[in-house]
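# Residue-level structure breakdown
Each chain, letter by letter, is given below.
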Amino acid sequence: MSDNVLSGLAEIVEEVAGVAADDVTAEKSFVDDLDIDSLSMVEIAVQAEDKFGVKIPDDELANLKTVGDAVNYITSNK
Amino acid sequence: MTSGIEVVITGLGATTPLGGDVTSTWDALLAGKSGVRPLTHDWVEKYDLPVKIASQLVVDPTEVLPRVEARRLDRSEQVAIVASRQAWADAGHNDDTVDRQRLAVIIGTGIGGAITLLTQDDLLEQQGLRKVSPLTVPMLMPNGPAAHVGLELKAQAGVHAPVSACASGAEAIAWAYRMIMSGEADVVVAGGAEACITAIPVAGFSQARTMSTRNDEPEKASRPFDTARDGFVLGEGAGVMVLERREFAEARGAKIYGRLAGIGTSADGYHITAPDPEGVGQSRAIAASLRSGGIDPADVGHVNCHATSTPVGDVAETVAIRKAIGDHPVLTAPKGALGHLLGAAGAVEAIVTVLSIRDGIVPQTLNLENLDPAVTLDVVAGEPRKIKLEAAVNDSFGFGGHNVALAFTPA
């Protein structure tokens, strides 16, 4: 798993949702652990697309349950 | 009056161009301060707007709210949250003091999330759909301020958002009165919020020729009842009060600021923006507030006026006051200092009225130097006046011909 992608994603999550970047770790669920709602997930996805140069279609976004899911998706699609 | 139910005020909260809370606002009002300052936004020069002043918050809500909370809220919602938290704490409420199904929130706004609407429209135009915030709709909807406060307090007796232009804040308080009197709620958090100091509202009001262009003397621009008045000054802010059924408040040992004895509402049926110069609809609202409160007009010592510093409106209001109450009430117009907070005005000025009764003091009408000869009533000017009040009325009127009068009495 890419540490650069993880730390970059953590920065976005902190900016959008106020979760401390250190708490944004691979095993955490966006909804259940980090208390991020569907509206914030859209913002996070748009910022991640810009930051990492990937496309995250809505049907893919729905599958990204954990931070690790997102890091893996971004790493393999950028 | 036959129900035996009384509505009392137990908590106050505000953020205004005179101060970041109720105490600082009240002190600045009595001290003769003005909230009107030059606009420094780039859109003033960009569009060559004729109005270059506004009554602007002294404490920005983003300084008070956590960053992530603030970025999810329109500015009108931010000020509602700030004022509501103050009022809730001031009332001594906590998680256990009221059954949430007996708690309502009613917060009005005149314009709603105009800043969000314009910002997001710019993003759509310039950067496309992807950049439009998924929070756009909950940030721009006019029920947003009420909804966010209601959610925070978990109010489940009802969350409402009256929209009646510059009467919205007073209309919210009138609605709270009705909910308590009808037995629908024991406690209601009610008020108004407005934050629309941005290009299109300023341009629109300017084109309607309703705003002061005294740009070279911002602090003297808002001058209700003065012969040299030339329009209102746009303001921003929020005022919120906690209203309760008296028995409920007394049972929990709450301090009581005063009583909302009666309310009156009416509509002019005259013109979309101009008030009826004969003040017929306005006087009906004032008379109704006294009737519903069982108040003898002779006992009304003071009217806290809506007077916005426009040539027509200020005089029409005094005609209405004379019709409904008589020649004896002492008047003031807080918009001389506060500017016009639109949907928040009625709520902030209701708070001022409650404090006038509590402290026995009526603030001066700032910038009233030469009373319009068409006004034959006693308007406080120069400095505050000490006066013991048995009852006082607060007027609020809005574009559309909405009229609201709130009649307050001592605790």
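Scroll up to find the structure this text is about.
What counts and how
Along each chain, residue indices are assigned from 1 in the same order as the chain's sequence is written. Throughout, the order in which chains and ligands are written sets their labels, letters from A for the former and numbers from 1 for the latter. Thresholds applied to this predicted model are a pLDDT of at least 70 for local features of residues and 80 or more for the giving and counting of side-chain atom pairs; totals over whole chains, interfaces and linings are not thresholded and use all residues. With hydrogens and water excluded, all non-hydrogen atoms of the structure serve as input to the side-chain values. Every residue pair with non-hydrogen atoms within 4.5 Å of one another is taken to be in contact. A 1.4 Å probe defines the accessible area here, and the buried area is the portion of it lost by two parts on being joined, summed over both. Note on definitions: salt bridges are taken to be side-chain nitrogens of Lys or Arg within 4 Å of carboxyl oxygens of Asp or Glu. Pairs of N or O atoms are called polar contacts if they sit within 3.5 Å, as long as, within protein, a hydrogen donor faces a hydrogen acceptor (for residues adjacent in sequence, only side-chain-to-side-chain pairs). Only DSSP runs of H or I with at least four residues qualify as helices, and only runs of E with at least two residues qualify as strands; both kinds are numbered from the N terminus onward. Here the term buried applies to any residue with accessible area under 20% of the maximum for its type, exposed to any over 50%, and partly exposed to those in between, with areas from a 1.4 Å probe on protein chains only. Charged residues are defined here as Lys and Arg on the positive side and Asp and Glu on the negative side; His and the ends of the chain fall outside this count. Whether two aromatic rings pair depends on their centres lying within 6.5 Å, for rings of Phe, Tyr and Trp, where Trp uses its six-membered ring; planes under 30 degrees apart make the pair stacked, over 60 edge-to-face, and the rest tilted.

With 14 residues of chain A in contact, the opposing surface of chain B contributes nine residues. A combined buried area of about 1,000 Å² lies between chain A and chain B, and 38% of that area is made up of carbon and sulfur atoms. The largest per-residue losses of area from chain A upon contact with chain B belong to E15(A), L39(A) and E43(A), which jointly make up 42% of the total buried on that side. Here chain A and chain B share seven salt bridges between them. We note a salt bridge from E15(A) to R71(B), for which the minimum N-O separation is 3.7 Å. Applying the counting rule to chain A against chain B returns nine residue pairs in polar contact (both at pLDDT 80 or more).

Moving on, we come to unusual backbone geometry. A positive phi angle is found at D35(A), which is not glycine, with a value near 60°. Mapped onto the elements, D35(A) comes out in the loop between α1 (3-17) and α2 (38-52). The backbone of D48(B) shows a phi angle near 50°, a positive value even though the residue is not glycine. Assignment of secondary structure puts D48(B) in the loop between α2 (42-46) and β3 (53-55).

All names here are of chain B. With respect to the helices and strands, D74 occurs in the loop between α4 (67-71) and α5 (75-90). R75 is the oppositely charged side chain nearest to the buried, salt-bridge-free D74, at an N-O distance of 7.9 Å. A polar contact is formed between the side chain of D74 and the side chain of T116, at a distance of 2.6 Å. Ignoring anything within four residues of it in the chain, the contact list for D74 reads G112, G113, I115, T116 and M139.

This part covers the packing of aromatic side chains. Residues and elements named next belong to chain B. Inspection of the entire model under this criterion finds two aromatic pairs over all chains. A centroid spacing of 5.1 Å and a plane angle of 85° characterise the contact between F205 and F232, whose relative ring orientation is edge-to-face. Note that F205 is positioned in helix α10 (residues 199-207) and F232 in the loop between α10 and β7 (237-245), a separation of 27 residues in sequence. When its relative accessible area of 4% is taken as the criterion, F232 is described as buried. Within the aromatic cluster, the residues linked to one another by ring pairs are F205, F232 and F399.

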